[in-house]
Amino acid sequence: MQKVGKALMVPVATLPAAAILMGVGYWLDPVGWGSESILAAFFIKSGAAIIDNMSVLFAVGVAFGLSRDKNGSAALAGFVMFLVVTTLLSPGTVAQLTGVDADAVPAAFGKINNQFIGILVGILSAEIYNRYSTVELPQALAFFSGKRLVPILTSIAGMVLSFALLYIWPAIYDALVLLGIKLQGMGAVGAGLFGFFNRLFLSVGMHHALYPVFWFDVVGINDIPNFLGGAESIANGTGIPGTTGMYQAGFFPIMMFGLPGAALAMYHCSDAKNKNQVFAIMVAAATASFFTGITEPLEFSFMFLAPLLFLLHAVLTGISLYIAASMEWMAGFGFSAGFVDLVLSSQNPLATNWYMLIVQGLVFFALYYALFRFAIIKFNLRTPGRGEEMESEQESASPEGLATLAKDYIEAIGGADNILEVDNCITRLRLTVKDSSAADSDKLKALGAAGVVPVGKGGLQVIIGLGKVDKVAEQMKKVLAS
């Protein structure tokens, strides 16, 4: 699930493009939503092209993200298998294969083109690619060896999967619909619970496994695509003003205001000798959180140092989503709940009273600051720069500096012999190791890591931060390869 969650970031990374295109379109024509401006319609429809094809993007992206060497052949295999499955299980084909009237085909097959199927196909395609992309066939069939063999195998696997889903998909679909109805029936409370568990699961990287249930078309909620669909969603009944966006809106007050308030509290509570270093760390992390909604650099700065604060943060996030959903203050995002996405979504016809999220955010800024500062002082919690001698982060801007930093990371993780695989997501290294206990957390933090998360005996996550982790990962791969 860790790997699947990480692989989901590949297709999810396409959402900012849709958000920007549709956001610009709604800004150009906030009244007609494209009907009164050809240019606005051009932008809106361009963004809709991405949103309307999220299921195939999931199949391709997950297959690519889970592939051993991130090769395009894996993505092609996912696309091939997705085409086979969705074609064989389309209502017309199902009627033909089963010999029943079209009206008697279960409704489940009308929804076979969804992200859930895309994720399933992506996982299976990647597994086939990882197992058989190096197979060598006899000389007569040598042309189909290796990576050329994979699309053939995935097409066959798609046929087998379609046969199985022909009988079990209706039951799965009915169960998912029932779950979706129950979740939606909880209204604002359900939104609050989602916010709480979303942050809580971040500590082990499992929030990626939770959010598709609410944000995409897994159980029928599909909150992000429905919101980004704007006028089209309203027209087809999937977008409801005051409701669509309830699993997104409450994150804006937290990411834009609450966490920066926590950062200010931790800075004020740091030791005088460390204030300069803490200020630099907190300004960078708070700025990323406010503008882009990327919160991990800030959250991991206190998640393991002071778990009580992180639990408080999860509770406050749940409360924020509950308030926004209850008051019908709605906004949405294509990437995360930062200032950029708030501006882009403000002209979306489904954005109702979005400006009140700023008012709510100012209240949460004060709330976070007061509660964090009180808890830190009252319980003498260890937060960055408090009760420790902070070391200056090693300079790593130059290629030589990055290479040295990569070598130091490898040594702190237990040496090259302990590392089996190096990968990364937006803010963290995701490592497969022989023994996670061999990693030295103190050394890793001294090198600049915000947190270290062992995942069982063979998994390790090192939170480094936005804009740096990919460079460190690349250098580590080069060092290990040499």
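Everything below is about the structure shown above.
Residues numbered from 1 in each chain as written. Predicted model: local features only at pLDDT ≥ 70, side-chain atom pairs only at ≥ 80, totals over all residues. Heavy atoms only, no water.

### Observations concerning the pattern of salt bridges
Operational definition: Salt bridges are identified by distance alone: a Lys or Arg side-chain nitrogen within 4 Å of an Asp or Glu carboxyl oxygen. A run of DSSP states H or I qualifies as a helix once it reaches four residues; a run of E qualifies as a strand once it reaches two. Both are numbered from the N-terminal end. Note on classification: 1.4 Å probe, protein chains only; a residue is buried when its accessible area is under 20% of the maximum for its type, exposed when over 50%, partly exposed between these limits.
Summed over the entire model, instances satisfying the criterion amount to 4 salt bridges. Ionic pairing is found between Lys70 and Asp423, a salt bridge with its closest N-O pair at 3.2 Å. You can see Lys70 sitting in the loop between α5 (54-66) and α6 (72-88) and its partner Asp423 sitting in strand β1 (residues 419-424), a full 353 residues away along the chain. Overall, the relative accessible area of 29% leaves Lys70 in the partly exposed class. Residue classification places Asp423 among the buried positions, given a relative accessible area of 12%. Notably, a salt bridge pairs Glu127 with Arg131, separated by 2.7 Å at the nearest N-O pair. Within this pair, Glu127 and its partner Arg131 are both found in helix α8 (residues 115-132), separated by 4 residues, close to a single helical turn.

### Observations regarding the nonpolar core
Which entries qualify depends on this criterion: Remark: nonpolar core denotes a set of buried residues (Ala, Val, Leu, Ile, Met, Phe, Trp, Tyr, Cys) joined through side-chain atoms within 4.5 Å. Here a residue-residue contact requires only that any non-hydrogen atoms of the pair lie within 4.5 Å.
If you look at the biggest cluster of nonpolar residues, it comprises 46 residues, and the most contacted ones within it are Phe194, Trp215, Tyr247, Phe251 and Phe252. In terms of residues, this core owes the most to one element, helix α14 (residues 251-269), which gives 5 residues. Among all residues touching Trp215, those that are not within four sequence positions of it are Phe194, Asn198, Asn222, Asp223, Ile224, Pro225, Tyr247, Gln248, Phe251 and Phe333.

### Digging into the environment of Leu447
Tracing the backbone shows Leu447 in the loop between α21 (441-446) and β3 (451-455). You can call Leu447 buried: its relative accessible area is 11%. With 305 residues separating them in the primary sequence, Leu447 and Ala142 have C-alpha atoms 48 Å apart.

### Remarks on a nonpolar patch on the surface
To keep things clear, this is the line we draw: Like charges within 9 Å and nonpolar side chains (Val, Leu, Ile, Met, Phe, Trp, Tyr) within 5 Å are joined into patches, using only residues over 30% in relative accessible area that form no salt bridge. Note that accessible areas follow from Shrake-Rupley with a 1.4 Å probe, and for residues the cover is restricted to the protein chains shown.
Together, Leu141, Phe143, Phe144, Ile152, Ile156 and Val160 line one region of the surface with nonpolar side chains, adding up to about 560 Å² of accessible area. Checked against the element boundaries, Val160 lands in helix α9 (residues 149-185).

### Side note on the packing of α14 against helix α15 (residues 275-292)
Just so we agree on the cut-off: Only the stretch in contact is used when a helix axis is fitted, and all axes are lines through C-alpha atoms; the angle between N-to-C directions ranges over 0 to 180 degrees. Roughly parallel covers angles under 35 degrees, roughly antiparallel covers those over 145, roughly perpendicular covers 65 to 115, and oblique covers all other angles. Residues are grouped as follows: nonpolar covers Ala, Val, Leu, Ile, Met, Phe, Trp, Tyr, Cys and Pro; charged covers Asp, Glu, Lys and Arg; every other residue, Gly included, is treated as polar.
At a minimum axis separation of 9 Å, α14 and α15 run at an interaxial angle of 175°. With respect to their mutual orientation, α14 and α15 come out roughly antiparallel. Two secondary-structure elements touch here, α14 through Met255, Met256, Phe257, Leu259, Pro260, Ala263, Met266, Tyr267 and His268 and α15 through Lys275, Val278, Phe279, Met282, Ala286, Ser289 and Phe290. Residue composition of the contact of α14 with α15, grouped by class: 13 nonpolar, 2 polar and 1 charged.

### Some details on the side chain of Thr86
Applicable threshold: Any pair of nitrogen or oxygen atoms within 3.5 Å is treated as a polar contact; in protein, a donor-acceptor pairing is required on top of that, and neighbouring residues in sequence qualify only through side-chain atoms on both sides.
Relative to the elements of secondary structure, Thr86 occurs in helix α6. On the basis of relative accessibility, which here comes to 12%, the residue Thr86 falls in the buried class. Within the structure, the side chain of Thr86 is placed 3.5 Å from the backbone oxygen of Leu83, a separation counted as a polar contact. Sequence-distant contacts of Thr86, that is, excluding residues within four places in its chain, are made with Ile112 and Asn113.

### Section: the pairing of strand β4 (residues 459-463)
Put simply, the rule is: Two strands qualify as a pair provided that DSSP identifies no fewer than 2 bridges between them.
Of all 5 residues that make up β4, 5 are buried, and the element is covered over most of its length. Alignment of strand β2 (residues 428-433) against β4, held across 5 bridges, turns out to be antiparallel. The residue bridging Leu429 from the neighbouring strand is Val462, located in β4. Bridging between β3 and β4 involves 5 bridges; their strand directions are antiparallel. When the bridges of β4 are listed, Pro454 appears paired with Leu460. Taking the residues between adjacent antiparallel strands as the criterion, β3 and β4 are bridged by 3 residues, where Gly456 takes a positive phi near 70°.

Everything listed here is a matter of geometry and, on its own, says nothing about what the molecule does.
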